[in-house]
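# Geometric and topological summary
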Amino acid sequence: MEKLLEQAADIIINSKLTLALTGAGISVESGIPDFRSAGGLWDRFDPAEYATITAFRANPEKVWEMLREMDDVVNQARPNPAHIGMGELEKMGRLHYIITQNIDNLHQAGGSANVIEYHGNASTLSCLWCGKKYKTEEKRNELPPRCECQKILKPDVVFFGEAIPGDAMNRSFELASSANALMVVGTSAVVSPVNTIPGIAKQNRAKIIEINKEHTHLTDSVTDVFLQGSAGNIISALVEAVKKNN
Ligand code: NAD
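Residues numbered from 1 in each chain as written. Predicted model: local features only at pLDDT ≥ 70, side-chain atom pairs only at ≥ 80, totals over all residues. Heavy atoms only, no water.

## Description of the overall build of the protein chain
Each helix and strand in the protein chain was counted, giving 10 helices and nine strands. By the compact-globule yardstick of 18 Å for 246 residues, the protein chain fits well, its C-alpha radius of gyration being 18 Å. C-alpha atoms of the protein chain, sized along the principal axes, occupy 55 × 30 × 30 Å. For the protein chain, the residues scored as buried account for 52% of the 246 residues in total. Partitioning the contacts of the protein chain with sequence separation of at least 6, the portion at a separation of at least 24 is 68%. Here the protein chain has roughly 11500 Å² of accessible surface; of this, 49% comes from carbon and sulfur atoms. Distance from the positive charge centre (25 side chains) to the negative charge centre (30 side chains) of the protein chain: 4 Å. (Helix = DSSP H or I, 4+ residues; strand = E, 2+ residues; numbered from the N terminus. Rg over C-alpha atoms; globule rule 2.2 N^0.38 Å. Buried < 20%, exposed > 50% of the residue type's maximum accessible area, 1.4 Å probe, protein only. Contact = heavy atoms within 4.5 Å. Areas by Shrake-Rupley, 256 points an atom, 1.4 Å probe, with all protein chains shown as cover. Lys, Arg positive; Asp, Glu negative; His and termini not counted. Charge placed at Lys NZ, Arg CZ, Asp CG, Glu CD.)

## Brief notes about the nonpolar core
Of all hydrophobic cores here, the largest spans 27 residues; its most connected members are M86, M183 and I211. Where this core is concerned, the elements lending two or more residues are helix 1 (2-13), helix 6 (81-91), strand 7 (181-185), strand 8 (207-212), strand 9 (225-228) and helix 10 (231-245). Element by element, the count of residues in this core is highest for helix 10, at seven residues. When sequence neighbours within four positions are dropped, the list of residues in contact with M183 reads I12, L19, A20, L21, M86, L89, L95, I209, I211, I235 and L238. (Core = buried A, V, L, I, M, F, W, Y, C linked by side-chain atoms within 4.5 Å.)

## Thoughts on the pairing of strand 4 (residues 120-126)
Taking burial as the measure, the seven residues of strand 4 include five buried ones, the bulk of the element. One ladder, built from three bridges, connects strand 4 with strand 6 (residues 154-157); its direction is antiparallel. Along strand 6, the bridge assignment pairs S126 with K154. Two elements, strand 4 and strand 5 (residues 133-135), share three bridges in a ladder whose sense is antiparallel. Of the residues in strand 5, the one forming a bridge with S126 is K133. Hairpin remark: strand 4 followed by strand 5, antiparallel, with six residues in the connecting loop; positive phi at G131, about 85 degrees. (Pairing = 2+ DSSP bridges.)

## Here's the deal with the packing of helix 6 against helix 10
Across the interface, helix 6 lies against helix 10 with an axial gap of 7 Å and an inter-helix angle of 25 degrees. One finds that helix 6 runs roughly parallel with respect to helix 10. The handedness of the crossing between helix 6 and helix 10 is left-handed. Residues P81, A82, G85, M86, E88 and L89 of helix 6 pack against A231, G232, I235, S236, V239, V242 and K243 of helix 10. Grouping the constituent residues of the contact of helix 6 with helix 10 by class yields eight nonpolar, three polar and two charged. (Axes fitted to C-alpha atoms, helices over the stretch in contact; angles between N-to-C directions. Parallel < 35°, antiparallel > 145°, perpendicular 65-115°, else oblique. Left-handed = near helix turned anticlockwise from the far one by under 90°. Nonpolar A, V, L, I, M, F, W, Y, C, P; charged D, E, K, R; others polar.)

Here it is in structure tokens:
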């Protein structure tokens, strides 16, 4: 592991543009369950049934049972050493942008400023009918939360079947096309189209550092350095290795 950490640190130190692509796995140590691992929210609420825009439009009251539980979990979560370590790398000028699939705001809370939210952010709600926006915290005592026009509000997260916000998609594509290094952290990289980013970066000859608990389809295809384990431990060790070799 020591040797692999040094290889990863070298890649980061020699890169002019370093990105990270993060997923649910980076927030597991903050208490937010990911989709694929056993246990927690997603054993009771099948994402295919609850996280699609079709399901929301058809029965928003039912989907809000899941959203309320998810909001309770996300609202209590605090950044873990992985989020904080990435914030530190940014301040050191070694990590330039994070493209995250997460909607939990924990990168910003962990000290990162340059965060592209590919799937939106759960801290605001919008009315699909009149367009009015609310802070999620203002509506925590309503189930389901309603707009002043009485329609049920939707969190500003991208449900399966919804379009990705254009600016997040375009910016991520541009950055991936010119990056020298990409850290892939805590994602199974199966959700499309965000999972095209590692391949786009690789085409630009970026070096890919993957940090995941388990192997993914990236590990034996595009990954150059695979650091297997929990993101908190590994990112903390990586920050130290970058500082040592800086
Ligand atoms: P995923 O659940 O498909 O994959 C998680 C990956 O993280 C797996 O490879 C797993 O081995 C790894 N992992 C688990 N715990 C880890 C840890 N402690 N350290 C390092 N790696 C760990 O997640 P995904 O690829 O992000 O896809 C899920 C989708 O659902 C995403 O689109 C995301 O937007 C959404 N989601 C977000 C949150 C959140 O905001 N925190 C939570 C659940 C789901």
